[in-house]
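Letter by letter, the chains look like this.
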Amino acid sequence: MANLKELYEKTAELKAFYTGGHIQWTNDGEHFLCQCDDVIKVIDVNTLSNPLTIGDATEDKDDSDVIYTFQMSKDNETVVTAHKSGLIKIWDRKEGSQLKMWRSGHKGAIAKLAFDANGTNVASGSTDGNIKLWDITHNTCTSSLRGALGVFSLVKYHSDDSKQLIFGAADDTKIRSWNSKSGKESVIYSGHFSKVTSLEFTPDGDHMVSSGRDRVLILWKLGEGKALKVLPVYECIETLALLPPSFKIPNFTKKVGTEGIYVACAGEKGIVKVWNVQMSRLMFEQTNSLVSPANEDGGLAVTHLLFNEARNMFSVVTADHNIIIHDLESFGCVKQLIGFTDEVLDIIFVGKDESHIVVATNSKDLKYYELGSMDCKLLKGHTDIVLALSCFPTRPDLFVSSGKDNTVRIWLQIDYNEVKCIGVGTRHTASVGSVFASQTSANFFASVSQDSCLKIWTIPKDFDSTETKLNSSHTELAHNMDINCVSISPNDKIIATGSQDKTAKLWSDDLSLLGVLKGHRRGIWCVRFSPVDQVVLTSSADATLKLWSIADLSCLKTFEGHESSVLKVDFLSKGQQIISSGADGLLKLWTIKTSECKMSLDNHEGKVWSMTVSKNESIIITGGSDSKLVTLKDVSVERREKLAREREELILQEQELMNLLHDKKLIKALKLALRMERPKNVLKIINEILKSGHEKLSETLKEINNTQKETLLRFAAEWNTNNKNAHAAQYVFYILTPEIISGSLKVSSLGSFIEGALPYTERHFERLTNLLQDLNFVTYTVNCMQPHSVKNQ
């Protein structure tokens, strides 16, 4: 029993930091500002930590004032936010403190914000078709710009402040310009036939480039409403970034003296392209994109393209909230940041030293994390959401996945940083909801699907450089309803399946039916074999776990404690314990012998879909519907050692207390007894001191500190309930009353305390009443004949 687990503690938590909306990169390249639910999170690019959050985060999401959009000033000193309540707020970017706030007065929600080059003026573009200009030094609205129709998709000041121009584009597809000082409308630029998505100004300040959903880039000359160049790019463009006058990029050598305005853009195809807009020529097309194209025509794959001059890097922000940083010279991927994982559906450890985890989220891309730094890489292969993962114990560099694309895939960790798909199986006709790897070899794995089939797949001995086609050796129509889970026994001889039909079934390695486990009242979510005993564990939507005998198919034990579906289970401590996670957000640790729940952790705010345990059981990682990955460490040994130290220390203190009492060192004994929280010993010491008179007690109490006096008062209130001990209690209270009244001693409930510690003589009671009344503290009604019936008015 000494080896049993007692407690796991949370050591790390990976939360969502970007849930869509606006995102900006600081000039020094050190931080991203990301919209995340109701706040703006500042993320350190190097460490992925969240040193600062801007906004009023509240526990109650209904009460929170949602941030619709934000904008950071050019000098990165301040941030302006637009809120659901109609308020506009200014924040200090480095401290996160609110500097100013005012009501916008717009009739609709604010869709876009912009700072001018000096950071002294802000523009707010609303769904009501108006732009308001604000002087933030004096908190005044200087102009209201009208003329546009619909929701603003773009509001931007000209980068050269001397031009005194502001631009806006709304649903009417025209780019309008106004004088930012007078508010008068300037030039209307007509050329786009669909939503205008981005606008950039050239370094000379005389030209600008715009992009739109109409699949073109347009070059404009400032002050002329007609397009200079219209460049077809054959995809909807959501974002563009102007490249500096001199730059390097792969397979592209710019001739000396070549004129050109070079623009990088991206949109529905998920590929970054660099165009020379003046020459209407495609100069570079990305070949190593990690972004999947949009699923539908006109959809989004890339939402933002951010260029950082200080780092000479590009950030590609995807529609599924990933931030992929590329070095401009090589266009190699430098870093990947996962802003929001949506629901975490499954997790496994990978690698000989379990240095990495692979996570299946509500996405077709797998996420491959290095555990130490939580650096992430996207693994592409599946064409729909990945649902399940399983690793081979004998080949920790090999794992298998399955998904909604009806396929199973085998992946190989080639080295520390690279994982490659080496095999694909396509025989299922519906979503493959669960897979499980063989335990004693790496020769086969099992899969179950919504097509009600259980399949055994053979793994080829040798793999080609291309993806090998996998063949299934056995197939069986296993259940009449969806099959939720599959598991293989430690000796690879038995396979177990669990289904929505409320049963679990046991199969031989050639898929002959060995038995049916009946007893759950709802569908079965997970099934596992004990590593040591001939038993099977199942968990169900009926909120229970059941332990079954393989020999006679009887239910041996039922574990109750979860409040809703138990989604994942596993054995710990050589089969003596169980760890379970549920739809109630709880992680529970059970001891099989006693049926006792040893631990219940509440680290998630939704269903805990996934859980993985390291080989030595020291680490558990959980993930769920709240987009959180929580790392837990086994602290059972540390806890036992701490308790042993505390017991040893207590024994020593008790011995020391006995010695002090024996030697009549009463002041030291009193201090130690108070520290040890021993009311009986304290009472014994007080009575011993009172034998020398209450003056001696008064002198003794001067020797102890306020914390010890407060503990003594608490004990005295308890003693006073017993006539035998009231004498000591009332003396203590009488001596300490002046300090209570002066406020130097904090007593949690003075009124009830006075009721519980009434003085034992009328004279003392009068003294206390006088003290209280002198300080206007509280008024008491005194019945001299019956002092113990005194009530606090």
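Residues numbered from 1 in each chain as written. Predicted model: local features only at pLDDT ≥ 70, side-chain atom pairs only at ≥ 80, totals over all residues. Heavy atoms only, no water.

**Quick word on the overall build of the chain**
And step 1. Looking only at helices and strands, the chain has eight helices and 59 strands in total.
And step 2. What you see for the chain is a C-alpha radius of gyration of 36 Å, clearly larger than the 28 Å of a compact globule of 793 residues, by over 25%.
And step 3. Referenced to the eigenvectors of the C-alpha coordinate spread, the extents of the chain come out at roughly 105 × 80 × 45 Å.
And step 4. Taking all 793 residues of the chain together, the buried fraction comes to 55%.
And step 5. In the chain, the proportion of contacts linking residues at least 24 apart, taken out of those at least 6 apart, comes to 45%.
And step 6. With an accessible surface of roughly 35,100 Å², the chain has 48% of that area assigned to carbon and sulfur atoms.
And step 7. Of note, the chain has its 90 positive side-chain charges centred 1 Å away from the centre of its 98 negative side-chain charges. (Helix = DSSP H or I, 4+ residues; strand = E, 2+ residues; numbered from the N terminus. Rg over C-alpha atoms; globule rule 2.2 N^0.38 Å. Buried < 20%, exposed > 50% of the residue type's maximum accessible area, 1.4 Å probe, protein only. Contact = heavy atoms within 4.5 Å. Areas by Shrake-Rupley, 256 points an atom, 1.4 Å probe, with all protein chains shown as cover. Lys, Arg positive; Asp, Glu negative; His and termini not counted. Charge placed at Lys NZ, Arg CZ, Asp CG, Glu CD.)

**What to know about the environment of Val516**
And step 1. Following the sequence through the fold, Val516 ends up in strand E46 (residues 513–518).
And step 2. Separated by 99 residues in the primary sequence, Val516 and Lys615 place their C-alpha atoms 30 Å from one another.
And step 3. Setting aside residues up to four positions removed in sequence, Val516 forms contacts with Thr503, Ala504, Lys505 and Leu553.

**Observations concerning the confidence of the model for the chain**
And step 1. Averaged over all residues, the pLDDT of the chain is 86; the fraction at 70 or higher stands at 91%.
And step 2. A low-confidence stretch, residues 771–793 (pLDDT under 50), is modelled with 38 contacts involving residues beyond four sequence positions or located in other chains. (pLDDT = per-residue confidence, 0-100.)

**Section: the pattern of salt bridges**
And step 1. Applying the stated rule across the entire model yields 20 salt bridges.
And step 2. Where Lys335 meets Asp375, a salt bridge forms, and the shortest distance between an N and an O atom there is 3.4 Å. Of this pair, Lys335 sits in strand E29 (residues 333–338) while Asp375 sits in the loop between strand E32 (366–370) and strand E33 (376–379); the two residues are 40 residues apart in sequence, bridging distant segments of the chain.
And step 3. Given a relative accessible area of 15%, Lys335 falls into the buried group. (Salt bridge = Lys/Arg side-chain N within 4 Å of Asp/Glu carboxyl O.)

**Points about the sheet that holds strand E21 (residues 227–232)**
And step 1. One open sheet holds the four strands; their spatial order is E18-E19-E20-E21, and the pairing between them is antiparallel. With one partner strand each, in any of the chains shown, strand E18 (196–201) and E21 form the two edges of the open sheet. The mean inter-strand angle of the sheet, taken between neighbouring strand axes irrespective of direction, is 20°.
And step 2. Summarising the sheet, E18 and strand E19 (residues 207–212) pair through five bridges and their orientation is antiparallel. Considered in E19, the bridge of Glu200 is made with Val209. (Pairing = 2+ DSSP bridges. Axes fitted to C-alpha atoms, helices over the stretch in contact; angles between N-to-C directions.)

**Some thoughts on the packing of aromatic side chains**
And step 1. The tally for this structure, following the rule as stated, stands at twelve aromatic pairs.
And step 2. Aromatic pair Phe167 and Phe201: ring centres 5.2 Å apart, planes at 50°, arrangement tilted. Note that Phe167 is positioned in strand E15 (residues 165–169) and Phe201 in strand E18, a separation of 34 residues in sequence.
And step 3. Taking 6.2 Å as the distance between ring centres and 10° as the angle between the ring planes, the aromatic pair formed by Phe445 and Trp457 counts as stacked. On the criterion of sequence distance, the pair formed by Phe445 in strand E39 (residues 444–449) and Trp457 in strand E40 (residues 453–458) is long-range, its members being twelve residues apart. Here the two residues Phe445 and Trp457 agree in accessibility, since each one is buried.
And step 4. Site record: aromatic cluster; members linked through ring pairs are Phe167, Tyr189, Phe201 and Trp220. (Phe/Tyr/Trp six-rings, centres within 6.5 Å; stacked < 30°, edge-to-face > 60°.)

**A word on helix H3 (residues 679–690)**
An α-helical turn contains 3.6 residues, so a residue and the one three or four places further along point in the same direction.
And step 1. Given a rise of 1.5 Å per residue, twelve residues ought to cover 16 Å, and the 16 Å separating the end C-alpha atoms of H3 matches this to within 8%.
And step 2. Taken together, the buried positions of H3 are occupied by Asn681, Val682, Leu683, Ile685, Ile686, Ile689 and Leu690. (Expected span 1.5 Å × (residues − 1).)

**Considerations on helix H2 (residues 666–675)**
And step 1. Of all the residues in H2, the buried ones are Leu666, Ala669, Leu670, Leu672, Ala673 and Leu674.
And step 2. One or two residues past the end of H2 sits Glu677, with phi positive at roughly 60°.

**So, the pairing of E29**
And step 1. Bridge count for strand E28 (residues 322–327) against E29 is five bridges, and the pairing is antiparallel. Bridging across to E29, Ile325 finds its partner in Lys335.
And step 2. Here E28 folds back onto E29 in antiparallel fashion, the turn holding five residues, of which Phe331 has a positive phi close to 55°.

**Observations regarding the sheet that holds strand E31 (residues 356–361)**
And step 1. On the basis of which strands lie adjacent, the open sheet formed by four strands has the order E30-E31-E32-E33 and antiparallel pairing. Every interior strand has two partners, whereas the edge strands, strand E30 (344–350) and E33, have only one. Adjacent strand axes in the sheet meet at a mean angle of 25°, parallel and antiparallel pairs treated alike.
And step 2. Examined bridge by bridge, E30 and E31 share six bridges and lie antiparallel to one another. If you follow Val350 over to E31, its bridge partner there is His356.

**A few points about the side chain of Thr503**
And step 1. Topologically, Thr503 is positioned in strand E45 (residues 503–508).
And step 2. For Thr503, a relative accessible area of 10% gives the class buried.
And step 3. Within the structure, Thr503 has its side chain in polar contact with the side chain of Asp501 (distance 2.7 Å).
And step 4. Those residues in contact with Thr503 that sit more than four places away from it in its chain are His479, Thr497, Gly498, Val516, Leu517, Lys518 and Ile524. (Polar contact = N/O pair within 3.5 Å; in protein donor to acceptor, adjacent residues only side chain to side chain.)

**Describing unusual backbone geometry**
And step 1. At Tyr234, a position not held by glycine, the phi torsion is positive, near 65°.
And step 2. Along the polypeptide, Tyr234 turns up in the loop between E21 and strand E22 (237–242).
And step 3. Although it is not a glycine, Ser452 sits at a positive phi angle of roughly 70°.
And step 4. By the secondary structure assignment, Ser452 is in the loop between E39 and E40.

**Examining the packing of helix H1 (residues 636–662) against H2**
And step 1. Interaxial distance between H1 and H2 falls to 9 Å at its minimum, and their mutual angle equals 150°. One finds that H1 runs roughly antiparallel with respect to H2. Once H1 is placed against H2, the crossing between them reads as left-handed. Across the interface between the two elements, Gln653, Glu656, Leu657, Leu660 and Leu661 of H1 pack against Lys668, Ala669, Leu672, Ala673 and Arg675 of H2. (Parallel < 35°, antiparallel > 145°, perpendicular 65-115°, else oblique. Left-handed = near helix turned anticlockwise from the far one by under 90°.)

**Points about the state of the cysteines**
And step 1. Counted by the stated rule, this structure contains zero disulfides.
And step 2. No disulfide involves Cys485; its sulfur sits 5.7 Å from the nearest other cysteine sulfur, which is in Cys526. (Disulfide = S-S within 2.5 Å.)

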